[in-house]
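Structural overview
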Amino acid sequence: MSLMDKFFGGKKSSAKEARDRLTLILAHERAINVPYMEQMKEEILEVIKKYTKAQKIDMKTDSNQNFNTLEVEILLEK
């Protein structure tokens, strides 16, 4: 924000600033997409199915500015 904006009412609303920040975060997360993530998920799923009798398998990916994570939850039969 420039000095002129401060004096002549060019201040952004907090909602506008929050929306701009969220837009920036979402754009950043989409840009970090690991190109081999889908292939890796498929291979992990094949191995789990080969060695276990899983009732349910959930996979979730998450991106942070420093790292990407892949979370796998496996519900096994007794």
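Structure: see above.
Overview of the structure. (Residues numbered from 1 in each chain as written. Predicted model: local features only at pLDDT ≥ 70, side-chain atom pairs only at ≥ 80, totals over all residues. Heavy atoms only, no water.)

**Some thoughts on the overall build of the protein**
- Within the protein, the regular secondary structure consists of three helices and two strands.
- Helices (α) and strands (β) of the protein occur, in sequence order from the N terminus, as α-α-α-β-β.
- The 78 residues of the protein split such that 5% are buried.
- Of the contacts made within the protein by residues no fewer than 6 positions apart, 31% connect residues no fewer than 24 positions apart. (Helix = DSSP H or I, 4+ residues; strand = E, 2+ residues; numbered from the N terminus. Buried < 20%, exposed > 50% of the residue type's maximum accessible area, 1.4 Å probe, protein only. Contact = heavy atoms within 4.5 Å.)

**Some thoughts on helix α3 (residues 37–51)**
- For α3, with 15 residues, the first-to-last C-alpha span of 21 Å sits near the 21 Å given by 1.5 Å per residue.
- Where α3 is concerned, the buried positions are Met 37, Lys 41 and Ile 48. The buried residues of α3 occupy one face: seen down the axis, they fall within an arc of 40°. Along α3, the residues that are exposed and aim more than 90 degrees away from the buried face are Glu 46 and Lys 50.
- Buried residues along α3 sit against β1 (54–63) and β2 (68–76). (Expected span 1.5 Å × (residues − 1). Arc of directions from axis to C-beta.)

**Regarding a nonpolar patch on the surface**
- On the surface, a cluster of nonpolar side chains totalling about 230 Å² of accessible area is made up of Val 72, Ile 74 and Leu 76.
- Secondary-structure assignment places Leu 76 in strand β2. (Patch = residues over 30% accessible without salt bridge, like charges linked within 9 Å, V, L, I, M, F, W, Y side chains within 5 Å. Areas by Shrake-Rupley, 256 points an atom, 1.4 Å probe, with all protein chains shown as cover. Salt bridge = Lys/Arg side-chain N within 4 Å of Asp/Glu carboxyl O.)

Everything listed is a geometric property; what it means functionally is a separate question.
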